[in-house]
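# Coordinate analysis (summary)
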Amino acid sequence: MAHLKLLNIEKVYPNGTKAVENISFEVAEGEFVVLVGPSGCGKTTILRMIAGLEDISNGEIYLDTKIINNLSPKDRNIGMVFQNYALYPHLTVFENLAFPLQIQKIKKFQIKSNVEKISELLQISDCLYKKPKELSGGQRQRVALGRALIRQPRILLFDEPLSNLDAKLRVEMRTEITKLHRSLNAISIYVTHDQIEAMTMATKIIILNNGKIQQIGSPEEIYNLPKNKFVASFIGSTPINFFDCKLLEQNDSCTSFSLTNGEMINIQTKRKLPEKFTLAIRPENLSVSQMQNSNSIKGKVVNIENLGYEKNLYFEYGKSLYSCKSNIENPININDDIFISFLEDKLLFYNEQGELIN
Ligand code: ATP
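Residues numbered from 1 in each chain as written. Predicted model: local features only at pLDDT ≥ 70, side-chain atom pairs only at ≥ 80, totals over all residues. Heavy atoms only, no water.

### Let's talk about the overall build of the protein chain
A count of helices and strands for the protein chain gives eight helices and 20 strands. Relative to its full complement of 358 residues, the protein chain shows a buried share of 50%. Counting only contacts in the protein chain whose residues sit at least 6 apart along the sequence, the fraction spanning at least 24 positions is 66%. A total accessible area of about 18,000 Å² is found for the protein chain, and carbon and sulfur atoms account for 48% of it. Placing the 42 positive and 40 negative side-chain charges of the protein chain at their respective mean positions leaves the two points 7 Å apart. (Helix = DSSP H or I, 4+ residues; strand = E, 2+ residues; numbered from the N terminus. Buried < 20%, exposed > 50% of the residue type's maximum accessible area, 1.4 Å probe, protein only. Contact = heavy atoms within 4.5 Å. Areas by Shrake-Rupley, 256 points an atom, 1.4 Å probe, with all protein chains shown as cover. Lys, Arg positive; Asp, Glu negative; His and termini not counted. Charge placed at Lys NZ, Arg CZ, Asp CG, Glu CD.)

What follows is the structure in C-alpha cells.
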C-alpha cells in the first residue's frame, strides 16, 4: 500500500524566512489529508516540497520506504491542482489534458482514449475543443483536475483549488473531488484556509500555525477535543466561546468557579483545574432560556442571524461577545436578556499556556 511520510521537515528560504519547522506526518493510500491554517502558516510550502518544486532545508520525505528529497518532480508520480487552474490559455481543453501524456511520449491513439475517458468522468466532453477562456470557472477547475489525474498519479496535491469559485460551485466541487479521490484510492493532500472544506473533505486534518503543526486528527477529534486554544478558535463556523475563570473550590463531588462577572458556577468534573483557567464551549453546547435558572449566566442579545433552520444568537456578557444557537420558533429579540447554561460534558478547559487540560 502506498504511503507518504514527512519526517522533521524544515524549510528556510534563501532570505532567511523559516517557513516551516519540525513537520512530521504520514498519509496512507485512501487518506484525504487537509492542511489548514491562517495565511502564511506554511501550507503551500509543505505542498511544494512534497511536489519537488521547493528544496527541503532539513528532514526527509519518504514515498513507501524510499527517500524522495532529491527526486525530480516529474519522477514523483504526483498530480497537482492549483488555485488559478494554471491551464495553457492558447491550447484547447483537449490539448491541455493531453499535454502531460505528450511529455511522456505516449502514443497518439492512447492519448486520445485517455483524454476521452477523463473528460467523460469529469463531464467536460462537450468542451474539448474550446479554449480555457471560453469556459466557466467550474469547467476550468474540472480541466485542471483532469490534467492532474490523467497520468493516474499515486499522489494528488491540491492548493486551494476552489477559492476562485462561487459558493454553490464550491459545494459541488467538494463532492466531486472527494468522490474522485475515493474512486482512485489516491493519497490526497489538500491545502485550504477554509475550515468548512477541511471539516467536510478530510479523513485527517492537520492544523498549522506559524509554520508548526498544532494538531493532527480526524475532523471529529479536532472539533470536539482541540488540543489548544488556537485550534479551538480556528475550527468552528460560529466561533467557540472562551470564558476566563477563577477556581473557587474543587473536591470529589463538586467544582466551583467564578466567571468574568463574578457569577459562580458549580459543575462536576474529573479534571484537576488550576487557580486560573479558560473555559471553552461551542455555541451549540450552550442552552438558552428567557427564565433564570441555577448555574446560568445572564447576557444581552445584540445580534440574531436567522439561518432558516436555526438562529445564531450573539450576546454580550461582561465586555465580550459570545454566541449560542436557538431554534427557529424561539421568540427572542435584539436587546432581550437571556439566560445561558452550559452542557457540562461538553466543557473544555485550557490552562494559562492555552493547552487543553485533559
Ligand atoms: P497562504 O494561505 O497565504 O497561501 P501559506 O500558509 O500557504 O499562505 P506559505 O506560502 O507556505 O504560506 O508561506 C509560509 C511563509 O514563507 C510565509 O511567511 C511566506 O511569506 C514565506 N515565503 C513563502 N515563499 C517564500 C519565498 N519564495 N521566499 C521567502 N519567503 C517565502
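### Quick notes on the sheet that holds strand β15 (residues 286–289)
The five strands lie next to each other as β15-β19-β16-β17-β18, forming an open sheet whose pairing is antiparallel. Among the strands making up the open sheet, the edge pair consists of β15 and β18 (320–326). Put simply, the sheet's adjacent strands are angled 45° from each other on average, direction ignored. In this structure, strand β16 (residues 296–306) lies alongside strand β19 (residues 337–342), joined through five bridges in antiparallel fashion. By the bridge assignment, Lys 298 is partnered in β19 with Phe 339. (Pairing = 2+ DSSP bridges. Axes fitted to C-alpha atoms, helices over the stretch in contact; angles between N-to-C directions.)

### Description of the environment of Ala 148
The topology assignment puts Ala 148 in helix α4 (residues 137–149). Accessibility expressed as a relative area gives 7% for Ala 148, which makes it buried. Those residues in contact with Ala 148, other than ones at most four positions away along the chain, are Gly 79, Met 80, Val 81, Pro 153 and Leu 156.

### Thoughts on the pattern of salt bridges
With the rule as written, the count across this model stands at 15 salt bridges. The shortest N-O distance in the salt bridge between Glu 21 and Lys 18 comes to 3.9 Å. In this structure Glu 21 comes out as partly exposed when scored by relative accessible area, which is 26%. The exposure class assigned to Lys 18 is partly exposed, which follows from its relative accessible area of 43%. (Salt bridge = Lys/Arg side-chain N within 4 Å of Asp/Glu carboxyl O.)

### Remarks on the site of the ligand
Looking at the ligand, there are 14 residues lining it, with Ser 39, Gly 40, Lys 43, Thr 44 and Thr 45 nearest. Backbone polar atom of Cys 41 to an oxygen atom of the ligand: 3.1 Å apart, as the coordinates give it. Contact with the protein chains removes 63% of the 640 Å² of surface that the ligand exposes when unbound. Among the elements that take part in the shell around the ligand, helix α1 (residues 43–51) stands out by supplying three residues, more than any other. Its residues assigned to classes, the shell around the ligand comprises four nonpolar, eight polar and two charged. (Near = heavy atom within 4 Å. Polar contact = N/O pair within 3.5 Å; in protein donor to acceptor, adjacent residues only side chain to side chain. Nonpolar A, V, L, I, M, F, W, Y, C, P; charged D, E, K, R; others polar.)

### Considerations on helix α5 (residues 167–184)
With 18 residues, α5 should cover 26 Å at 1.5 Å per step; its first-to-last C-alpha distance of 26 Å lies within 8% of that length. Along α5, the residues classified as buried are Arg 170, Met 173, Arg 174, Glu 176, Ile 177, Thr 178, Leu 180 and His 181. Against the buried residues of α5 lie β3 (32–36), α3 (108–121), α4, β7 (155–159), β8 (187–192) and α6 (195–201). Count one or two residues on from α5 and you reach Asn 185, which has phi positive near 50°. (Expected span 1.5 Å × (residues − 1).)

### Details of the packing of aromatic side chains
Summed over the entire model, instances satisfying the criterion amount to 13 aromatic pairs. A ring pair is formed by Phe 32 and Phe 158, whose centres lie 6.1 Å apart and whose planes are at 25°; its orientation type is stacked. With Phe 32 in strand β3 and Phe 158 in strand β7, this residue pair connects regions lying 126 residues apart in the sequence. Phe 32 sits in the buried class, given a relative accessible area of 1%. (Phe/Tyr/Trp six-rings, centres within 6.5 Å; stacked < 30°, edge-to-face > 60°.)

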